[in-house]
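One letter stands for each residue in the lines below.
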Number of protein chains: 2
Amino acid sequence: MSDTDKKVTAAVIMIGDEILSGRTQDKNLNFIATWLGERGIRVMEARVVPDIEDEIVDAVNTLRAKFDYVFTSGGIGPTHDDITADSIAKAFGVPIGHHPEAMARLTAHYEAQGIEFNEARQRMARIPDTATLIDNPVSKAPGFQIGNVFVMAGIPSVMQAMITGIEDRLTGGARMLACSVAGQIAEGMVAGPLGALQEKYPAVSMGSYPYYKDGTFGANLVFRSTDPALLEAVKQEAVEMVRSLGVEPVIGDGT
Amino acid sequence: MSDTDKKVTAAVIMIGDEILSGRTQDKNLNFIATWLGERGIRVMEARVVPDIEDEIVDAVNTLRAKFDYVFTSGGIGPTHDDITADSIAKAFGVPIGHHPEAMARLTAHYEAQGIEFNEARQRMARIPDTATLIDNPVSKAPGFQIGNVFVMAGIPSVMQAMITGIEDRLTGGARMLACSVAGQIAEGMVAGPLGALQEKYPAVSMGSYPYYKDGTFGANLVFRSTDPALLEAVKQEAVEMVRSLGVEPVIGDGT
């Protein structure tokens, strides 16, 4: 699951009008990014696209060529606006049909509940040719993997169960470690010394994240590196830097 | 502010490693999408890009050509990782320098507080040539507009103050109205009739948003149209449709 030198990258595509209209607050990107990060896979870009086939095809084809992995969420249910599977098939230029194993799982699931496995529900067994299934322990209708693209449900609890189940299909790289040094410090005060610190340690990614709470501005300085010793050295310098500005630093884990 | 026949579109770009690493849960897209929607401007795509100049340039140039408006958030502070202004200047192929009015506002702001207006803070006055300022009533450092691109802060409270201030620069189109019919109804049960309803009313956008709560699946059917009479007719049919499936419908406003 880990190759300590390699940078492994990913993109996330959230598919659905409801996020773009403001009706739904997306929570999937945050979960996916955190979960992948813990496994040495860095999310480098995310997109939210509407339920329009050409838009999904374009996003998938652009991002699967650019990054090691692509993860999508949304649009794999039984209703007419669930067009993700067909769009992915089009993106890969492969036919799509009812997948025998998906049909078997859903048939068993609905039979056990005494619910009709109707035409709409059979839509959820439509999987692009050459794709492999992703288990759905919550509601059975599977996601799928085709090439480096992993297609998952949009409901957060279902998506989370799906991604957890594909861990052994993913090869992580060097895990990005993080630490933070925060304080009630104006960004404009720390910007100069922080820029100098960045120049001294170009291999460590340094970000300054201001916050505004109860009328006071503060900043959280976040440091990221795959090298724990280097990160520790930078943290010590950052602590001294903040202290020299007359502010007591609060050390954190970068979250 | 409103042209009742025209479809006016927008894209949103969130700039910042912290969203892609999972450190920060984005809330700006949801606010911007809702606020624009209320003004007849539809967000058609959103992207989260890292603090990398080429990525910002590509996203801005692709999306400003494709949609009526582009709104960005993040990366306009004083630290070395705040590269949005320079990236936007590059995207438009214009020089960038210290904007006199921005310098004046920030000079006055820091003088009044007895805080040094140092080199890092002056970075926040760097604005691409030909851009016009966007007021920042919270912390003074302005955003800016260049062409159809509106560049705003990443801190939600500051971003919200900025976008509120540019309302008179935006021309909305036909406002998308919404209503919803929800119930403890399986998507697979309603999918067939809903698909038929969609065929009968192709001009109304129909989405089915499943939810999973306390072990029970339900669905929220959301209908969108710029025509209130058409929307009302569809709502009545949807209510009857859900009732005919043995479920008592709950009518909502689509949120």
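Preceding this paragraph is the structure being described.
Residues numbered from 1 in each chain as written. Chains lettered and ligands numbered in written order. Predicted model: local features only at pLDDT ≥ 70, side-chain atom pairs only at ≥ 80, totals over all residues. Heavy atoms only, no water.

### Thoughts on empty space enclosed by the protein
In total, this model carries four cavities of 30 Å³ or more according to the counting rule given. Every element with two or more residues in the lining of the largest cavity is listed here: helix 2 (28-38) of chain A together with helix 2 (28-37) of chain B. Tallied by class, residues from the lining of the largest cavity come to eight nonpolar, six polar and two charged. By volume, the second largest cavity is sized at about 110 Å³. Every residue along the wall of the second largest cavity is listed here: Gly75(B), Ile76(B), Gly77(B), Asp82(B), Ala85(B), Asp86(B), Arg123(B), Met124(B), Arg126(B), Ile127(B), Pro142(B) and Phe144(B). Where the lining of the second largest cavity is concerned, the elements lending two or more residues are helix 4 (84-92) and strand 5 (126-128) of chain B. Within the lining of the second largest cavity, the residues separate by chemical class into six nonpolar, two polar and four charged. (1 Å grid on protein atoms, 1.4 Å probe; cavity = no way out; pocket = protein on both sides within 12 Å on 5 of 7 lines; lining within 4 Å. Points joined across faces, edges and corners; volume = space filled by probe spheres on them. Helix = DSSP H or I, 4+ residues; strand = E, 2+ residues; numbered from the N terminus. Nonpolar A, V, L, I, M, F, W, Y, C, P; charged D, E, K, R; others polar.)

### A word on the pattern of salt bridges
With the rule as written, the count across this model stands at 28 salt bridges over all chains. For Lys66(B), the salt bridge is made with Glu55(A), and the minimal N-O distance between the two is 2.8 Å. Separated into two different chains, Lys66(B) in helix 3 (residues 53-66) and Glu55(A) in helix 3 (residues 53-66) make up a pair that spans both. For Lys66(B), a relative accessible area of 38% translates into the label partly exposed. Given a relative accessible area of 18%, Glu55(A) falls into the buried group. The structure contains a network of salt bridges with shared partners spanning Glu45(A), Arg47(A), Lys66(A) and Glu55(B). (Salt bridge = Lys/Arg side-chain N within 4 Å of Asp/Glu carboxyl O. Buried < 20%, exposed > 50% of the residue type's maximum accessible area, 1.4 Å probe, protein only.)

### What to know about the interface of chain A and chain B
When the parts of a complex come together, some accessible area is lost, and that lost area is often taken as the interface size. Listed as interface residues are 61 residues of chain A and, on the opposing side, 61 residues of chain B. Summed over both sides, the interface between chain A and chain B buries roughly 4,600 Å², with carbon and sulfur atoms accounting for 55% of that surface. Looking at the side of chain A facing chain B, the largest losses of area belong to Arg23(A), His80(A) and Tyr209(A), adding up to 15% of the total buried there. The tally of links between chain A and chain B comes to two salt bridges. Mapped onto the side of chain A that touches chain B, the elements with two or more residues apiece are helix 1 (17-20), helix 2, strand 2 (41-49), helix 3, helix 6 (119-122), helix 8 (187-200), strand 10 (205-213) and strand 11 (216-225) of chain A. (Contact = heavy atoms within 4.5 Å. Buried area = accessible area lost by both parts, 1.4 Å probe.)

### Regarding the packing of helix 8 (residues 187-200) of chain B against helix 9 (residues 228-244) of chain B
All names here are of chain B. One way to put it is that helix 8 packs onto helix 9 with a least axis distance of 11 Å and a crossing angle of 160°. With respect to helix 9, the element helix 8 is oriented roughly antiparallel. As for how helix 8 packs across helix 9, the hand of that crossing is right-handed. Contacts from Val190, Pro193, Leu194, Leu197 and Lys200 in helix 8 reach Val234, Glu237, Ala238 and Met241 in helix 9. (Axes fitted to C-alpha atoms, helices over the stretch in contact; angles between N-to-C directions. Parallel < 35°, antiparallel > 145°, perpendicular 65-115°, else oblique. Left-handed = near helix turned anticlockwise from the far one by under 90°.)

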